[in-house]
Amino acid sequence: RVAVVGAGVSGLTATKCCLDEGLEPTCFEQSQDIGGVWRYTEHIEAGRPSIYPSVISNTSKEMSAYSDFPYPEDFPVFLPNAQFLDYLRRYAERFGLREHIKLETTVVSIRKHADFATTGQWNVVTEAHGKQTSHVFDAVMVCSGSLSEPSLPLHCFPGIEKFRGQYFHSRQYKHPDLFQGKRVLVVGMGNSGVDIAVEASRVAAKVTISTSRGAWVLNRVFDYGYPWDMVFNTRLMNLIRNSLPGPLSRWLVNFKVNQRFNHENYGLQPEKSCLMREPVLNDDLPSYILTGRIIIKPGVKEFKDNSVVFHNCPEEEPIDIIVFCTGYDVSFPFLEESVVKMENKHASLYQYVFPTHLQKHTLAVIGLIKPLGSFMPVVEMQARWVTRVFKGLCQLPPQSVMEKEVNEKKSLVRWFGLSYDEVLKTDCLVYMDTLASFIGAKPSVLGLLCRDPWLALTIFFGPCSPYQYRLRGPKCWEGARQAILTQWDRVLKPTRTRVPAGSSSSFPSLLTVVGFLLLLAAVIFGF
């Protein structure tokens, strides 16, 4: 019996993976319905993520699908939150997850059972409608997310106590009406910060973004009009990025992201451009800077009664409203601190999943990771691996080996800049392949080249879509091959609405011309 905490993106796939492996999951969701962060509510609920109604996915539907459940072909390429939620509900219905989910049930505490050393069991206390219930579970999957507890470090902003205007964390934002005619300051330049700044600039008198680090800004619409992640996240591109010498690889990335516009000219150049920072996905920001709707400033030095002073800018800027887009804290209030050890807002977890020090590895954290790519396939792969570990079909390495890897990750900064949660960020494809290899689901391009060359070339040169991880291994899906070969059809279907759809993409023709040559180069590189 497995307890699953949360029925969002991670909790739903965790429940489904338990069923795939013949386990008995019970999923506890404290709110009224499934969906997690993607279920929009007008009011803010304690302990739940909160989004604004205009939120759209940053990753395309083909890269964001669960690996055995493609999106409907008529869904848009990048999904508004309502359609994303619709997909999650369809997934729950398709695989019969609802009967295993207990809504409006809060997990109060999870503690080791008295005989944990021998059984690995957990005492789980839940509360529903004012009544508490105790359960005993053989394993626990924590899928509670990391976007519920806003981080608002006011002590880092001198003078904020003097400020007479309004300020709040981005979690409280819903509609831009409150910015009408106001002078707005957005502190922080993540995806939410830029989204809010863009919306505010349509009604506000003035909008300023304060960022001490800068950021790479990418369009959802990438080369030749294709989705950014279907161009960027391919096995070929990943091989090139990871095989070239570090300085050359970083130079290529910098060159690519500056092709659309020179970030330095727009005040956006990352502080340490030699490192690949987490990009911001926004299609409007550059043009809004160019037209004066949004102004980029450095970090805040000091707040005054009704103004702000920025570093390296002596003059005061009058402001009326401050929106702090300063991220979130990670916590597990239902767990003892000794179970998941937090250090500098980071949980020490092997492969971002398993606590390294437990005598029995029967507790896993799903979704505490920030991949450069789609989140959903990653948490699904984590859940597939975890359920195999719970069943005893996959073994974890010795504790010393796991702890060594955790410590190495803490000090490793290759693709992303230094930040409090740097170790949560990882190369999506490399991480997926690592976990897939644990369960025997990593696709073999060279093996397929002999049996199914067209599929092999599509996998290697095309986008690394989640369906690749259902070609082999446990619970492989007979529809995976067809899903891979038709992925561009589903991308173009909702956009080719004026003329009949023709061939799906220019990519297949390119594969035919250069495929075998580049694959040979890949073999030489040691693929």
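All of these numbers come straight from a predicted model, not from anything done at the bench. (Residues numbered from 1 in each chain as written. Predicted model: local features only at pLDDT ≥ 70, side-chain atom pairs only at ≥ 80, totals over all residues. Heavy atoms only, no water.)

**Here we look at the overall build of the chain**
The cut-off we apply is this: Runs of H or I in DSSP of at least four residues are treated as helices and runs of E of at least two as strands, each being numbered from the N terminus. Each residue's exposure class comes from its accessible area (1.4 Å probe, protein chains only) as a fraction of the maximum for that residue type: buried when under 20%, exposed when over 50%, partly exposed otherwise. When checking whether two residues touch, look at their non-hydrogen atoms; a contact exists if any pair is within 4.5 Å. For accessible areas, the Shrake-Rupley method is used with a probe of radius 1.4 Å. Any residue's cover is judged against the shown protein chains and nothing else.
Along the backbone of the chain there are 16 helices and 26 strands. Split into buried and exposed, the 527 residues of the chain put 54% on the buried side. Within the chain, contacts between residues separated by at least 24 positions form 68% of all contacts whose residues are at least 6 apart in sequence. Of the roughly 22700 Å² of accessible surface on the chain, a fraction of 53% belongs to carbon and sulfur atoms.

**Description of the environment of Asp305**
Structurally, Asp305 is set in the loop between β15 (300–303) and β16 (307–310). Residue classification places Asp305 among the partly exposed positions, given a relative accessible area of 32%. Residues Asp305 and Ile160, spaced 145 residues apart in sequence, show a C-alpha to C-alpha distance of 8.5 Å. Setting aside residues no more than four positions away along its own chain, Asp305 makes contact with Lys162, Phe163, Arg164 and Gly165.

**Focus on the confidence of the model for the chain**
Which entries qualify depends on this criterion: The pLDDT value tells you how sure the predictor is about a given residue, anywhere from 0 up to 100.
In the predicted model, the chain carries a mean pLDDT of 90, and 90% of its residues have values of at least 70. Per-residue pLDDT stays below 50 along residues 413–423; that stretch engages in 42 contacts with residues further than four places along the chain or on separate chains. Predicted confidence for residues 508–513 stays below pLDDT 50, and this span has six contacts to residues more than four positions away or in other chains.

**Remarks on the sheet that holds strand β4 (residues 106–112)**
The cut-off we apply is this: Each pair of strands is called paired provided DSSP finds at least two bridges between the two strands. Between the N-to-C directions of two axes lies an angle of 0 to 180 degrees, each axis being a line fitted to C-alpha atoms and, for a helix, fitted only over the stretch in contact.
Reading across the sheet, the three strands line up as β4-β5-β6 and stay open at both edges, with antiparallel pairing between neighbours. What marks the edges here is a single partner per strand, and that holds for β4 and β6 (131–137). Neighbour-to-neighbour, the strand axes of this sheet turn through a mean angle of 20 degrees, independent of strand direction. Strand direction decides the pairing type here: strand β5 (residues 122–128) and β6, joined by seven bridges, are antiparallel. Bridge pairing links Val124 to His135 in β6.

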